[in-house]
Amino acid sequence: MRKTHMAVLTVVAIAVVSAIGAVGAYGNLASDANTPTTTTDAVAVYWDDAVITVSATDDEGVAYIYHELDNGVVRLHKVDGSPRSAAVETPLNAVGAHVNPGVGTHELTYWAQDVNGNVEAQKTVEFEIVADTVWPVTSAKAVSVRKGRTASLRYRVADPEPTKGTATVVIKIKNKKGKTVKTIKAGSKPVNESLTVKCRCTFAKGVYKYYVYATDASGNPQSKVGSAKITVK
Ligand SMILES: [Ca+2]
Ligand SMILES: [Ca+2]
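Residues numbered from 1 in each chain as written. Chains lettered and ligands numbered in written order. Predicted model: local features only at pLDDT ≥ 70, side-chain atom pairs only at ≥ 80, totals over all residues.

### Brief notes about the overall build of the protein
Looking only at helices and strands, the protein features one helix and 16 strands. When burial is assessed residue by residue, the protein has 24% of its 233 residues classed as buried. If you take every contact in the protein between residues at least 6 apart in sequence, the share linking residues at least 24 apart comes to 62%. (Helix = DSSP H or I, 4+ residues; strand = E, 2+ residues; numbered from the N terminus. Buried ≥ 20, exposed ≤ 12 C-beta atoms within 10 Å, placed from the backbone. Contact = placed C-beta atoms within 7 Å.)

So this is what it looks like as structure tokens:
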């Protein structure tokens, strides 16, 4: 009987020592009352979609990062290995895939929890997503030029706000029969200002028309093709 009792005492003593050892490895675990600090890289306005990085730091280690879009379902990101800093790209859905919040004003609420169970107070950031869904309109001015000389074709791409500010422009010069005699790829041009493109008019004397095609930086083609006469004298 006495031997058995001694054996139990020994086991208890070892258990106490290993518990103290565990506390030592975590430093001042018992006295940690400091919650993590979480920040985001959110900006006020995004084009088309928003990916916001939520970053948390804690001296004892970050265990979870939480976020919530527009007071929806709380998403929990479990941080492996309890690092002192961790980050997650938000907003995410239930299976951890990115969610596009869509055009409009949104709120992202975020906070974190450390390895000792200290939960940070929730913070909220507001942001807006805008998209350009309006097609640009082009216009052109008539010009006359001597055969073989260079003409300056004056045109404009009107693209209302919100616009990304540029459009890819292609100009086609057609003869009276509607046959394209020259195509000018003008490339990416600013919208809502006067533009010119040089054209060496080597074709036969007569009246031609040039047409301005533009696709805005969001991929919307022109709703109206501006055109004007080129008179080759
Ligand atoms: Ca802490
Ligand atoms: Ca547009």
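There's more to say after this.
### Details of the confidence of the model for the protein
Taken over all residues, the pLDDT of the protein has a mean of 90, while the share at 70 or more is 87%. In this model, residues 1-25 is a region of pLDDT below 50 whose contacts with residues beyond four sequence positions or in other chains number two contacts. (pLDDT = per-residue confidence, 0-100.)

### Concerning the nonpolar core
Formed by 19 residues in total, the largest nonpolar core has its most connected members in Leu153, Val169, Ile171, Tyr210, Val212 and Ile230. Where this core is concerned, the elements lending two or more residues are strand 11 (150-158), strand 12 (166-174), strand 15 (206-216) and strand 16 (226-232). Not counting residues up to four positions away in its chain, the partners in contact with Tyr210 are Ala140, Leu153, Ile171, Lys172, Ile173, Ser227, Ala228 and Ile230. (Core = buried A, V, L, I, M, F, W, Y, C linked by C-beta atoms within 7 Å.)

### Describing the pairing of strand 5 (residues 75-78)
Two strands pair when backbone bridges link them, and strand 4 (residues 62-69) and strand 5 are joined in this way by four bridges, in the antiparallel orientation. Residue pairing in the sheet places His67 in a bridge with Arg75 of strand 5. Hairpin connection between strand 4 and strand 5: a loop of five residues separates the two successive antiparallel strands, and Asp70 in this loop has a positive phi of roughly 50°. (Pairing = 2+ DSSP bridges.)

### Details of the environment of Ala167
Here Ala167 shows up in strand 12. Considering only alpha carbons, one finds Ala167 and Asn220, 53 residues apart in sequence, at a separation of 9.1 Å. Discounting chain neighbours no more than four positions away, the residues touching Ala167 are Pro136, Val157, Asp159, Lys189, Val191, Ala214, Thr215, Asp216 and Ala217.

### A look at the environment of Ala204
Positionally, Ala204 belongs in the loop between strand 14 (194-200) and strand 15. With 57 residues separating them in the primary sequence, Ala204 and Lys147 have C-alpha atoms 7.0 Å apart.

### With respect to the sheet that holds strand 13 (residues 180-190)
Taking strand neighbours across the sheet as the criterion, the five strands line up as 10-16-15-12-13 in an open arrangement whose pairing is mixed. Of all strands in the sheet, those with a lone pairing partner are strand 10 (143-145) and strand 13, marking the two edges. Adjacent strand axes in the sheet meet at a mean angle of 25° when their direction is disregarded. Looking at chain direction, strand 12 and strand 13 are connected through nine bridges and run antiparallel. Bridging from a neighbouring strand, Val170 pairs with Lys185 of strand 13. (Axes fitted to C-alpha atoms, helices over the stretch in contact; angles between N-to-C directions.)

### Points about the sheet that holds strand 11
Taken together, three strands build an open sheet; the order of strands is 9-11-14 and the sheet is antiparallel. The sheet is open, and its two borders are formed by strand 9 (137-141) and strand 14, each paired with just one other strand. Between one strand and the next, the sheet's axes are offset by a mean angle of 30°, whatever the strand orientation. The pairing of strand 11 with strand 14 spans seven bridges and is antiparallel. Paired with Ala151 across the strands is Cys199, a residue of strand 14.

### Some points on the environment of Val115
Within the fold, Val115 resides in the loop between strand 7 (104-114) and strand 8 (123-130). Separated by 79 residues in the primary sequence, Val115 and Pro36 place their C-alpha atoms 9.6 Å from one another. Leaving out residues up to four positions away in the same chain, Val115 has contacts with Glu60, Gly61, Ala63 and Ser82.

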